[in-house]
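Below are the chains, spelled out letter by letter.
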Amino acid sequence: MRYREGGRLDTSGVSDRRGRGGMGGGRGIAVGGGGLGLVGLLIVVVLQLAGGGGGDTGAALGSLAGLGDGEQADNSQLEQRCQSGADANDSVECAVVADIESIQDFWTTTLGSTYVPTDTVFFSGSVQTSCGAASSGSGPFYCPADQLVYIDLSFFDQLQQDFGAQGGLFVDAYVIAHEYGHHVQNLLGTNARVTPGETGPTSGTVRLELQADCYAGAWANHAETVPDESGQPLIAEINQDDINRALDAAARIGDDFIQQNLGSGRVDQNAFTHGSSEQRQKWFTTGYETGDPARCDTFATDDLG
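Residues numbered from 1 in each chain as written. Predicted model: local features only at pLDDT ≥ 70, side-chain atom pairs only at ≥ 80, totals over all residues. Heavy atoms only, no water.

Chemist: I keep staring at the nonpolar core and nothing clicks. Help me out?
Modeler: Met1, Leu9, Leu159, Phe170, Tyr174, Trp219 and Phe284 are the most contacted members of the largest nonpolar core, which totals 61 residues. Going through the elements one at a time, helix H5 (92-111), strand E7 (148-151), helix H6 (155-161), helix H7 (169-188), helix H8 (204-222), helix H9 (240-252) and helix H11 (277-290) are the ones with two or more residues in this core. Once residues within four sequence positions are removed from consideration, Phe170 is found in contact with Met1, Trp219, Ala220, Ile238, Asp242, Ile243, Ala246 and Phe284. (Core = buried A, V, L, I, M, F, W, Y, C linked by side-chain atoms within 4.5 Å. Buried < 20%, exposed > 50% of the residue type's maximum accessible area, 1.4 Å probe, protein only. Helix = DSSP H or I, 4+ residues; strand = E, 2+ residues; numbered from the N terminus. Contact = heavy atoms within 4.5 Å.)

Chemist: Would you take a moment to explain the packing of aromatic side chains for this structure?
Modeler: The geometry of two aromatic rings is summed up by the distance between their centres and the angle between their planes. Tallied over the full model, the rule gives 8 aromatic pairs. Ring plane angle 65° and centroid distance 4.9 Å describe the contact between Phe106 and Trp107, whose orientation is recorded as edge-to-face. Accessibility classification places Phe106 together with Trp107 in one group, the buried group. Considering the side-chain rings of Trp107 and Tyr215, the 5.1 Å spacing of their centres and the 75° angle between planes classify their relative orientation as edge-to-face. Of this pair, Trp107 sits in helix H5 while Tyr215 sits in helix H8, placing them 108 residues apart in sequence. (Phe/Tyr/Trp six-rings, centres within 6.5 Å; stacked < 30°, edge-to-face > 60°.)

Chemist: For this particular structure, what's the right way to read the state of the cysteines?
Modeler: For the coordinates displayed, the defined rule picks out 3 disulfides. Linked covalently through their sulfurs, Cys82 and Cys94 form a disulfide whose S-S length is 2.0 Å. For the disulfide bridge between Cys82 and Cys94, the dihedral angle about the S-S bond is near -80°, and by the sign convention the bridge is left-handed. Linking Cys82 in the loop between helix H3 (76-81) and helix H4 (85-90) with Cys94 in helix H5, this pair joins segments that are 12 residues apart in sequence. Residues Cys82 and Cys94 agree in their burial class; the two are buried. Two residues, Cys131 and Cys143, share a disulfide whose sulfurs are 2.0 Å apart. Between Cys131 and Cys143, the S-S torsion sits near 90°, and that sign places the bridge as right-handed. With Cys131 in the loop between strand E4 (126-129) and strand E5 (132-135) and Cys143 in strand E6 (residues 141-143), this residue pair connects regions lying 12 residues apart in the sequence. Given the relative accessible area of 2%, Cys131 is considered buried. If the cysteines joined by disulfides in the protein are listed in sequence order, their pairing comes out as 1-2, 3-4, 5-6. (Disulfide = S-S within 2.5 Å.)

Chemist: Quick question: what am I supposed to make of the sheet that holds E6 here?
Modeler: The strands making up a sheet associate through backbone hydrogen bonding, with each pair oriented either parallel or antiparallel. Taken in spatial order, the 4 strands of this open sheet run E2-E3-E7-E6, and their pairing is mixed. Pairing within the sheet leaves two strands with one partner each, and these edge strands are strand E2 (14-16) and E6. Across this sheet, the average inter-strand angle for adjacent strands is 30°, counted without regard to direction. Sheet topology note: the E2/strand E3 (residues 120-122) ladder contains 3 bridges and is parallel. The partner of Val14 across the bridge, within E3, is Thr120. In the packing of H7 onto the sheet, contacts are made with E3, E6 and E7, and the angle to E6 comes to roughly 25°. (Pairing = 2+ DSSP bridges. Axes fitted to C-alpha atoms, helices over the stretch in contact; angles between N-to-C directions.)

Chemist: Before we go on, may I ask you to explain the side chain of Arg4 in this structure?
Modeler: Along the chain, the position of Arg4 falls in the loop between strand E1 (2-3) and E2. Residues within four places of Arg4 in sequence aside, it is in contact with Gly85, Ala86, Asp228, Ser230, Gln232, Pro233, Leu234 and Ala236.

Chemist: What is the right way to look at the pattern of salt bridges in this model?
Modeler: Oppositely charged side chains can form a pair if their charged atoms are brought close together. Under the defined criterion, the tally for this structure stands at 9 salt bridges. Between Arg280 and Asp213 there is a salt bridge, with the nearest N and O atoms lying 2.7 Å from each other. Residue Arg280 is found in helix H11, and its partner Asp213 is found in helix H8; the two are separated by 67 residues along the sequence. Taken as a pair, Arg280 and Asp213 share a single burial class, namely buried. Where Arg252 meets Asp248, a salt bridge forms, and the shortest distance between an N and an O atom there is 2.9 Å. Placement of the pair is Arg252 and Asp248 together in helix H9, with a separation of 4 residues, close to one helical turn. The exposure class of Arg252 is partly exposed, given its relative accessible area of 24%. (Salt bridge = Lys/Arg side-chain N within 4 Å of Asp/Glu carboxyl O.)

Structure follows, in structure tokens:
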């Protein structure tokens, strides 16, 4: 994956809270499975805590809800480090800044005024959210209550070290695009179709996650052409090796892979919350090959793969 060298990066889509405070108060979020285990695992938990993302989300966005006592966002250093596509090619944090801009440009183009841009919160160690307190071990997640994406960037190292994924900038982008897929679901009301805590191979929870994978693939299809404010795309190249790496990551965050390799060693489909490795690969591929979010309706099919 390569970013356009002369592209200008906009850090306004990031709320950088790294080193800005601890867990703070609020209700804790308990996440099983040892660390993340699954991209966006917390979506199920936060739906339970936040009632499916209802309420005055506009007010939450306006006040950057979720800041704990003594916790502040400060983008000044990020703005200095991440100014161009050249910086994105050299730095993971700057690459994620570019990913966020590209992903949100895609959804703005696709959904028009229905799409409401939101921030990704960079944190380290721990963070306070409107869905409760979370730690780095929780992995990336989306909180419907404040409509923010949260990530400790060290997760990308964890994905390679603990899960054996090949990794790479496009894998990182896939992770971010998946979480923004949850934001799109929240805006469209898809969350309301899911019973909180429901598990199983055909559960609404699994369908929600597979759709987010498909949405990530749909963005990837357009990533080299979706324009930024200058009228040119920020992302210059996504090649087959990038896609292969994303599929490798998708396989390693499937429920069956994690249960067998990082859990009890026994696959229990009744406990599935995200879908099998094969399903996650299938739905990312569906989005990528078609480029059409309408083809991502995992709720309208009996064949999830």
